[in-house]
Amino acid sequence: MESSSAFDKNTVEFVTVAAEYCAFLEQIYDKEPERVVDVLCKLLPLVYLKATMLPQAEPEGLYLEECVTEADYEEIRTRMAQKLGENDDYLEVFVEDMKYSDTPVRKCISEDLADIYQALRNFVQSYRSGLDEVMTEAVAVCADGFRTYWGQTLTNTLRAVHNVRYGSDGIENSLYD
């Protein structure tokens, strides 16, 4: 793995967007639900785009400290669930269990956003260490997580957030009535 991946232009831009995503979720106390949804409709595609541009490298197995505690995760999830209210739940079709089920799989936007937050906050904290080896490993771990988990979670969540904002399924939305 090349150490320059930590300072690659695309990496620096991703760090900026990831930090913005985390800061937004940490500061939604006083924001109206409509504003939260509007920002998520813009921020999630940007996170996705910048993640696709990360340098590709396999993690080397260097231990990276996780800074997001269970309490941090739960706080983000709970605040988002409160903001979204009845709009938090959505039916998911892109999950492995769906292949073997006759019933829809219920997901929560708030939980998905907290999952993405956890991956990005841990990445940003590791990156901020300033240690080239840690930063490079953090980029590789984050890019790998994007490919294998949170990238699909982000796209599924964006679809649900889009539906909350624009009612693409023809469902009346209480946030925008």
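Residues numbered from 1 in each chain as written. Predicted model: local features only at pLDDT ≥ 70, side-chain atom pairs only at ≥ 80, totals over all residues. Heavy atoms only, no water.

With respect to the helices and strands, the residue Q56 is situated in the loop between α2 (33-52) and α3 (70-84). Relative accessible area serves as the criterion here: at 51%, Q56 is assigned to the exposed category. Spatially, the C-alpha atoms of Q56 and V139 are 8.6 Å apart, while their sequence positions differ by 83 residues. A polar contact is formed between the side chain of Q56 and the backbone oxygen of L54, at a distance of 3.0 Å. (Helix = DSSP H or I, 4+ residues; strand = E, 2+ residues; numbered from the N terminus. Buried < 20%, exposed > 50% of the residue type's maximum accessible area, 1.4 Å probe, protein only. Polar contact = N/O pair within 3.5 Å; in protein donor to acceptor, adjacent residues only side chain to side chain.)

The end-to-end C-alpha distance of α3, which contains 15 residues, comes to 21 Å, matching closely the 21 Å that a straight helix rising 1.5 Å per residue would cover. All of the buried residues in α3 are Y73, I76, R79, M80, K83 and L84. Buried residues of α3, seen end-on, are gathered within an arc of 140° and therefore sit on one face of the element. Away from its buried face, by an angle of more than 90 degrees, α3 presents the exposed residues E70, A71 and Q82. Check the buried side of α3 and you find it contacts α1 (9-26), α2 and α4 (109-127). Looking one or two residues beyond α3, the residue adopting positive phi is G85, at roughly 55°. (Expected span 1.5 Å × (residues − 1). Arc of directions from axis to C-beta. Contact = heavy atoms within 4.5 Å.)

Turning next to a nonpolar patch on the surface. On the surface, a nonpolar cluster with roughly 220 Å² of combined accessible area is contributed by L46, L49 and M53. Examined against the element boundaries, L49 turns out to sit in helix α2. (Patch = residues over 30% accessible without salt bridge, like charges linked within 9 Å, V, L, I, M, F, W, Y side chains within 5 Å. Areas by Shrake-Rupley, 256 points an atom, 1.4 Å probe, with all protein chains shown as cover. Salt bridge = Lys/Arg side-chain N within 4 Å of Asp/Glu carboxyl O.)

The subject of this paragraph is the side chain of R79. Structurally, R79 can be placed in helix α3. Beyond its immediate chain neighbours, meaning those up to four positions away, R79 contacts L25, E26, Q27, I28 and Y29.

Once that is clear, we can look at the pattern of salt bridges. All chains considered together, the criterion is met by eleven salt bridges. Two residues, E58 and R147, come together in a salt bridge whose shortest N-O distance is 3.8 Å. Separated by 89 residues along the polypeptide, E58 in the loop between α2 and α3 and R147 in helix α5 (residues 132-166) bring together distant segments of the chain. Residue classification places E58 among the exposed residues on the basis of a relative accessible area of 55%.

So, about the packing of α1 against α4. Contact geometry for α1 and α4: axes closest at 9 Å, N-to-C directions at 125°. By the angle between their axes, α1 is oblique relative to α4. The chirality of how α1 crosses α4 is left-handed. Across from T11, V12, F14, V15, A18, A19, Y21, C22, A23, L25 and E26 in α1, the residues of α4 making contact are L113, I116, Y117, L120, R121, F123, V124 and Y127. (Axes fitted to C-alpha atoms, helices over the stretch in contact; angles between N-to-C directions. Parallel < 35°, antiparallel > 145°, perpendicular 65-115°, else oblique. Left-handed = near helix turned anticlockwise from the far one by under 90°.)

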